[in-house]
Amino acid sequence: MYRYDSYDQAMVDARVEEFRDQTRRRLSGALTEDQFKPLRLMNGLYLQLHAYMLRVAIPYGTLSAPQMRMLAHIARTYDKGYGHFTTRQNLQFNWIRLEDAPDILADLATVEMHAIQTSGNCIRNISADQYAGVSADEVADPRPWAELLRQWSSFHPEFTYLPRKFKFAVIASEEDRAAMRLHDIGIQLVERDGVVGARLFVGGGMGRTPMIGHELRDFVPESALIAYLEAALRVYNRYGRRDNKYKARIKILVHELGIDDYRRQVEEEFAAIGAQGIEPPVEELARIRAFFAAPDYETGLPETVDRSDPDFALWLDRNVAAHKAPGYAIANVSLKPVGGIPGDATAEQLDLLADLAERYSFGELRTTHSQNVVLPHVRKADLPALWQALDDAGLGTANLDRITDMIACPGLDYCALANARSIPLAQKISERFARAGKAETLGELKLKISGCINACGHHHAGHIGILGVDRKGTENYQLLLGGSAAEDCSLGHITGPGFDEDGVVDAIERVTDLYLARREDDERFLDTYRRIGMAPFKEAIYD
Amino acid sequence: MTDLFDLRSAEAPSAPLPADVKPLSLEAFLAAPGNATAVRLEPGDDARALLPHCDRLALVEVSFPVFGDGRGYSSARLLREAGYRGELRASGDVLVDQLAALRRCGFDTAAPDAPLDAAVAKASLTRFADVYQAAADGRTPIWARRAGKEG
Amino acid sequence: MKLLTGNDLASGDSIWWSGRGWSRHVADAVDVGAGADAAALLAAETAALRVNSGYVVDAEQGPDGPCPTHIKERIRAAGPTVRPDLAIDSTIPIVKA
């Protein structure tokens, strides 16, 4: 994985000192909150319902064992002993003190970590496929491209005060494991005539007005990507709406102009910018790529795994994905124990994951937009021992992509923006469907819960989605069906009137019972829904 | 009395804002340029409308009514890319924390509504020894330093 | 009744105006009334750096003290409902009967 050189280190160190000075000026009153807020947001520091929250960047969802240990250290030393993995592959700490924030950033900088631009109206963390570098279906590892963009977007002087936040995702396979089409700009690495380049999508996003991204350009070569993206961002910076915060994302601009007119403006800007000498040489991407060379895989390893323990066998079948190197596997670590808080991990669990990564995964981990962790390079022979260690720590749940592997935002328990709680609902659903093996019977079922319309829980893209709303001061939940964040991208449809917390759990049970009654062959819930439509489900729910 | 900060120097010296030049609005300038050498751009103005006139302009003032509206950064940068060589001045709700980005986008001077702390201004302009991107200030980006291409 | 709530600037703790200062516990909160005095008080406390991002909240008098009307502020007063070990005040009812 990428290692900072002295330039990269100097940048994060300077950023720490800049924020230390800004914090000092806020605490002395020299800066008002209105003046300080954008500055602290650009260092990942929110003011939430109970405390400041710090969102640490995990660039493109890759981190090392020492970095994971640092996250555990921060949880233990500055917070209340735990952290929360997010739908953008980052980690959040919920109980941070402003006066500690500069020291926390300084600690992070010692292991090449930061909280730069994880919030604010700027370019955010660039997310990527969590199986990057280890999946046989990828055209190339997307992470070097993501790192190139991370550097390009960090402290970009023209794009520091955009109309609104800007999110990139990078994948490199036809299968979309990173919700690429639901980002402001999505990048799919493709190969044309033996050359790898970027297929660009623009204007995807969830929130109040969910939209699926449009193809902006079929192919942008390595040698022109930065100039092209500068053009795309410049058009957005100049013409994105500034009059209404809820209509300020690029998806609205693309919708209002139409993709053809937006594209025309980008191409014009690209033609003008192209001669300015702003493009890094291709050698820079090659330099970055060298850090992502495959680890020293052993050869001649056994392919078979001892399945005699039925609990292990279930985890093996459910959570372990095929690795492109013989004898190896990709291990998905569930942060969704039955009845637990989705995406939360204790400091002890973070430390354990670091240890396990060192012992079993060449010291490397990934985070996923579904709030789980991945150990990407595990010898098949090590899987039983790995699982045993995970299971002992409550990290061995065998539920990848099952209904209990749900995405849930922090919701009204933590978030000042929320209208309803999401975690207690997630816990109830988890307990109901874990009973009698129901989660396993239902098969692949991606359930996603958002506590408000900002959709941090991706409810529009859930096979089953739940949106928490405020109905005359009471929590109420709307149910959506048929969304997907994968390459078959679709937005969910609302079923009808909402429910209280127990009511929506019952409604989901009716929906899934109908699926079980009507499914043909091996089709997933999503496929049955697409085949038979909303009407039968509506009837089953509302009787 | 507004001070005018010179962003070209790391010391960020300031002097009282010169009272002699009153920039025309873009609309007024385009309608009747006359002998005018100074234009003021609002966030919603199209900076490219000035491109045919760059050679005769000595001052383009870019207004920032609120610092969170970042359109002026694009206006400045594209004027520099098109070859404008006169003074680029950022005025309005300009805080010390924006000075470095303003400089990088090609601004020469800043005329903030509220007084700036000179020491903090200087620190802000000199804090980052290097830069990741090529921009309008001519600083060598890190990717060029890595390739051994100084200049 | 109307309460004032906000966050402590340095620590981020959510706090409630108790008449003489700021308390972690809504039980100590006083009625500031709906008028301009509350706004002026908030402005003064903000300028003095004793509160950050404060705002006025509706509440009713409950058996254990003031109880915010809206569920968001009840959770703000109580702590995250899914972590009783991190509770700020466990007497606040979250869901109204």
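Residues numbered from 1 in each chain as written. Chains lettered and ligands numbered in written order. Predicted model: local features only at pLDDT ≥ 70, side-chain atom pairs only at ≥ 80, totals over all residues. Heavy atoms only, no water.

**Q** Could you clarify how one ought to interpret the overall build of chain A in this entry?
**A** Looking only at helices and strands, chain A has 17 helices and 20 strands in total. Counting only C-alpha atoms and orienting by the principal axes, one finds that chain A spans roughly 60 × 60 × 55 Å. By the burial criterion, 67% of the 543 residues in chain A qualify as buried. Taking all contacts inside chain A whose residues are at least 6 apart in sequence as the whole, residues at least 24 apart take part in 68%. Of the roughly 18,100 Å² that chain A leaves accessible, carbon and sulfur atoms contribute 49%. Each charge class in chain A can be summarised by its mean position, and for the 63 positive and 79 negative side chains these summaries are 6 Å apart. (Helix = DSSP H or I, 4+ residues; strand = E, 2+ residues; numbered from the N terminus. Buried < 20%, exposed > 50% of the residue type's maximum accessible area, 1.4 Å probe, protein only. Contact = heavy atoms within 4.5 Å. Areas by Shrake-Rupley, 256 points an atom, 1.4 Å probe, with all protein chains shown as cover. Lys, Arg positive; Asp, Glu negative; His and termini not counted. Charge placed at Lys NZ, Arg CZ, Asp CG, Glu CD.)

**Q** How should I be thinking about the pairing of strand β1 (residues 2–7) of chain C in this particular structure?
**A** Walk down a regular strand and you will see the side chains alternate between the two sheet faces. Residues and elements named next belong to chain C. The buried fraction of β1 amounts to five of the six residues, a majority that puts the element mostly inside the structure. For β1 and strand β4 (residues 52–62), the ladder comprises five bridges, and the chain directions are antiparallel. Directly across from T5, in β4, lies its bridge partner Y55. Bridging between β1 and strand β2 (residues 14–17) involves three bridges; their strand directions are antiparallel. Of the residues in β2, the one forming a bridge with T5 is W16. The turn joining β1 and β2, which pair antiparallel and follow one another in sequence, is formed by six residues; a positive phi near 85° is taken by G12. (Pairing = 2+ DSSP bridges.)

**Q** What is the right way to read the packing of helix α3 (residues 65–78) of chain A against helix α4 (residues 101–109) of chain A from this model?
**A** In a packed pair of helices, the relevant descriptors are the angle between the two axes and the axis-to-axis distance. Residues and elements named next belong to chain A. Where α3 contacts α4, the two axes come as close as 10 Å, and the packing angle between them is 160°. Classed by the angle they form, the pair α3 and α4 counts as roughly antiparallel. Every pair of crossing elements has a handedness; the one defined by α3 and α4 is right-handed. Where α3 abuts α4, its residues M70, L71, H73, I74 and Y78 lie against D103, I104, D107 and L108. (Axes fitted to C-alpha atoms, helices over the stretch in contact; angles between N-to-C directions. Parallel < 35°, antiparallel > 145°, perpendicular 65-115°, else oblique. Left-handed = near helix turned anticlockwise from the far one by under 90°.)

**Q** Just checking my understanding: could you explain the interface of chain A and chain B for this structure?
**A** Buried accessible area, meaning the area lost when the parts come together, often serves as the stated size of an interface. On the chain B side, the residues contacting the 45 residues of chain A number 34 residues. Taken together, the two surfaces of chain A and chain B that pack against each other cover about 3,500 Å², and 55% of this comes from carbon and sulfur. In this structure, the connection of chain A to chain B is made through 10 salt bridges. Put simply, B:D46 and A:R238 hold a salt bridge, and the shortest N to O gap is 2.7 Å. Summed over the shared surface of chain A and chain B, the result is 23 residue pairs in polar contact (both at pLDDT 80 or more). (Buried area = accessible area lost by both parts, 1.4 Å probe. Salt bridge = Lys/Arg side-chain N within 4 Å of Asp/Glu carboxyl O. Polar contact = N/O pair within 3.5 Å; in protein donor to acceptor, adjacent residues only side chain to side chain.)

**Q** Hey, could you run me through the pattern of salt bridges in this one?
**A** Evaluated as defined, the whole model comprises 82 salt bridges over all chains. For A:D176, the salt bridge goes to A:R181, with nearest N and O atoms at 3.3 Å. Each member of the pair, A:D176 as well as A:R181, carries the same accessibility label: buried. In this structure, A:E230 engages B:R77 in a salt bridge whose closest nitrogen and oxygen atoms are separated by 2.7 Å. One end of the pair, A:E230, is in helix α6 (residues 225–239); the other, B:R77, is in helix α2 (residues 71–81), on a second chain. Comparing A:E230 with B:R77 shows no difference in burial state: the two are buried. Shared partners join several salt bridges into a network, and the residues in it are A:E158, A:E230, A:R234, A:E269, B:R48, B:R77 and B:E81.

**Q** So what exactly am I meant to see when it comes to unusual backbone geometry here?
**A** Negative phi is the rule for most residues except glycine; trans is the rule for most peptide bonds. Residues and elements named next belong to chain A. Positioned with a positive phi, D521 is a non-glycine residue whose angle comes to about 55°. Within the secondary structure, D521 sits in the loop between α15 (501–518) and α16 (525–532). Look at D521 and you get exposed, because its relative accessible area is 74%.

**Q** Honestly, the packing of aromatic side chains in this entry has me stumped. Any pointers?
**A** By convention here, two paired aromatic rings are described through the distance between centres and the angle between planes. A full pass over the atoms with the stated rule returns 23 aromatic pairs over all chains. A centroid spacing of 6.0 Å and a plane angle of 20° characterise the contact between A:Y161 and B:Y73, whose relative ring orientation is stacked. Of this pair, A:Y161 sits in the loop between α5 (143–153) and β7 (168–171) while B:Y73 sits in helix α2, placing the two residues on different chains. Each member of the pair, A:Y161 together with B:Y73, is buried. An angle of 55° between the planes, with centres 4.7 Å apart, marks the rings of A:Y297 and A:Y328 as tilted. Note that A:Y297 is positioned in the loop between α9 (282–290) and α10 (310–319) and A:Y328 in strand β12 (residues 328–333), a separation of 31 residues in sequence. Of the two residues, A:Y297 and A:Y328, both sit in the buried class. Residue placement shows C:R83 over the ring face of A:Y82; its charged tip is 4.4 Å from the ring centre. (Phe/Tyr/Trp six-rings, centres within 6.5 Å; stacked < 30°, edge-to-face > 60°. Lys NZ or Arg CZ within 6 Å of the ring centre and 35° of its normal.)

**Q** How should I be thinking about the side chain of B:E81 in this particular structure?
**A** Secondary-structure assignment places B:E81 in helix α2. With a relative accessible area of 18%, B:E81 lands in the buried category. Residues contacting B:E81, with those up to four places away along its chain left out, are A:R234, A:I273 and A:Q276.

**Q** Which parts of the structure should I look at to understand α2(B)?
**A** Since the α-helix advances by 3.6 residues per turn, residues separated by three or four positions end up pointing in the same direction. Along α2(B), 11 of the 11 residues are buried, which leaves the element largely enclosed by surrounding structure. Buried within α2(B) are the following residues: B:R71, B:G72, B:Y73, B:S74, B:S75, B:A76, B:R77, B:L78, B:L79, B:R80 and B:E81. On its buried side, α2(B) packs onto α6 and α8 (259–273) of chain A together with β4 (38–41), β5 (59–64), β6 (87–92) and α3 (99–104) of chain B. Two residues or fewer past α2(B), B:G83 is found with a positive phi of approximately 105°.

**Q** In this structure, what is going on with the interface of chain A and chain C? I would like to understand it.
**A** Between chain A and chain C, the contact holds 32 residues from the first and 25 residues from the second. Here chain A packs against chain C, burying approximately 2,300 Å² in sum over the two surfaces, 58% of which is carbon and sulfur. The largest contributions to the chain A side of the interface with chain C come from A:L49, A:H50 and A:R421, which together make up 23% of the buried area. Inspection of the chain A/chain C interface yields 12 residue pairs in polar contact (both at pLDDT 80 or more). Where the side of chain A that touches chain C is concerned, the elements lending two or more residues are α1 (6–27), β5 (91–96) and α13 (423–434) of chain A. Among the elements that line the side of chain A that touches chain C, the one with the most residues is α13(A), at three residues. Residue classes in the side of chain A that touches chain C are distributed as 17 nonpolar, six polar and nine charged. (Nonpolar A, V, L, I, M, F, W, Y, C, P; charged D, E, K, R; others polar.)

**Q** Just to check I follow, could you spell out a negative patch on the surface for this structure?
**A** Residue and element names in this part refer to chain A. A contiguous patch of negative charge, built from D306, D309, D311, D391 and D392, is present on the exposed surface. Topologically, D309 is positioned in the loop between α9 and α10. The exposure class of D309 is partly exposed, given its relative accessible area of 32%. (Patch = residues over 30% accessible without salt bridge, like charges linked within 9 Å, V, L, I, M, F, W, Y side chains within 5 Å.)

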